Amino acid sequence: MAEVSRIIPAPTPDAESAAFWAAASEGRFTLRRCRACDRAHWYPRAICPFCMSADTHWVAASGRGVIYSYSVMRRAPIPYAIAYVTLAEGPTMLTNLVDCDFDRLAIGQSVALVFVPSDGGPPVPMFRPVV
Ligand SMILES: [Zn+2]
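Residues numbered from 1 in each chain as written. Predicted model: local features only at pLDDT ≥ 70, side-chain atom pairs only at ≥ 80, totals over all residues. Heavy atoms only, no water.

**Side note on the sheet that holds strand E1 (residues 30-34)**
Read across the open sheet, the three strands follow the order E2-E1-E3; overall the sheet is antiparallel. Each having just a single partner strand, strand E2 (40-41) and strand E3 (56-60) make up the two edges of the open sheet. Looking at chain direction, E1 and E3 are connected through five bridges and run antiparallel. Within E3, the position partnered with Arg 33 by the bridge is His 57. (Pairing = 2+ DSSP bridges. Helix = DSSP H or I, 4+ residues; strand = E, 2+ residues; numbered from the N terminus.)

**Here we look at unusual backbone geometry**
Most peptide bonds take the trans configuration, and most residues that are not glycine carry a negative phi. A cis amide bond links Trp 42 with the next residue in sequence, Tyr 43, at an omega value of 0°. By secondary structure assignment, the location of Tyr 43 is in the loop between E2 and E3. If you check the backbone angles, Asp 38 has positive phi at about 60° while not being a glycine. Considering the arrangement of structural elements, one finds Asp 38 in the loop between E1 and E2.

Structure below.
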């Protein structure tokens, strides 16, 4: 488990993401969804990026998704994997893959959310492969 000794920098919440990080601190993974077009988006924004409606709200997300693409940073002092994960709710997010054998990762693989502690801030959403 490469994650054990890797330091994850603390996220810096802003006005649009503060509620996301507050929920994350309670172990809840949330997304912003638009009532006008019924689409969820990432990262959290007050204005829907698809239809520009201001009628967006927080919803609980499943934490399930699939790997869209990934890259293993093998030259880092502690190797890690960055990835785009497409969430079951639709959005694709830049994240890290953890708790896995980097040689067995595959595009299209199913993954599930894990919150990884950060260095003095809220936990950061990452993903691990699931069967
Ligand atoms: Zn919309």
